[in-house]
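# Overview (structure and organization)
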Amino acid sequence: MNTPVPSAPDPDGLLAEQLLRLTRRLHRIQKRHLEPVGITPAQSRLLRTVAHYGDAPPRMADLAARLEVVPRAVTSLVDGLEGAGRVRRVPDPSNRRVIRIELTDEGRATLRELRSARRAAAEDILAPLTVEQREVLGGLLTALAGPVPESGC
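Residues numbered from 1 in each chain as written. Predicted model: local features only at pLDDT ≥ 70, side-chain atom pairs only at ≥ 80, totals over all residues. Heavy atoms only, no water.

## Points about helix 3 (residues 60-67)
In plain terms, the rule: Note on classification: 1.4 Å probe, protein chains only; a residue is buried when its accessible area is under 20% of the maximum for its type, exposed when over 50%, partly exposed between these limits. Numbering of helices and strands runs from the N terminus; a helix is a DSSP stretch of H or I covering at least four residues, while a strand is a stretch of E covering at least two. Any two residues whose heavy atoms approach within 4.5 Å are treated as being in contact.
When helix 3 is considered as a whole, its buried residues turn out to be M60, D62, L63, A64 and L67. Residues of helix 3 that are buried in the fold lie against helix 2 (41-51), helix 4 (71-83), strand 1 (87-92) and strand 2 (95-103). Downstream of helix 3 by a residue or two, E68 has a phi angle that is positive, lying close to 60°.

Put into structure tokens, the structure is as follows:
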């Protein structure tokens, strides 16, 4: 009869599990802070992406690529945001077949509310850390995920 051999702790596996737990916690906290604004975390990302896209409003395909999601997911997000009056579909002036997504005044007002909600969520998440620990964490996250975009999305 074979007796199971206790395996040695797997530090990378434990670290991966901690990161997954943190991701779920981040999502829960962010969702709780965004609820009063009436928006989901995914809609929040899309709104911020549209706002910081550049000169011309983005196409749906541009948003899908930037958000690293399938185009169908962007369509659903845009449908929800358009229904709430936060974005609108507009024809491209140079190609009638292309539809672009632009913010409405309501969308810009929502972005202002989101800034406060995101700051509050970040404070909840980072509350256990000292200023020095936050700086170290920022450096570690940059090493893993890359630098934060200049637009602050």
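Moving on from the model shown.
## Looking at helix 1 (residues 11-34)
Since the α-helix packs 3.6 residues into each turn, any two residues three or four apart lie on the same face. Filter applied, for reference: Multiply 1.5 Å by the residue count of a helix minus one, and that product is the helix's expected span.
A rise of 1.5 Å per residue sets the reference length of helix 1, with its 24 residues, at 34 Å; its end C-alpha atoms lie 34 Å apart and thus fit the reference within 8%. Of all the positions in helix 1, only I29, H33 and L34 are classed as buried. Buried residues along helix 1 sit in contact with helix 2 and helix 5 (105-126).

## Regarding the nonpolar core
Spelled out, the test is: The term nonpolar core refers to a set of buried residues drawn from Ala, Val, Leu, Ile, Met, Phe, Trp, Tyr and Cys, joined through side-chain atoms within 4.5 Å.
In this structure, L46, L47 and V74 are the most contacted members of the largest nonpolar core, which totals 20 residues. Taken together, the elements giving at least two residues each to this core come down to helix 2, helix 3, helix 4, strand 2 and helix 5. When sequence neighbours within four positions are dropped, the list of residues in contact with L47 reads I39, L81, R86, V87, L103, G107, T110, L111 and L114.

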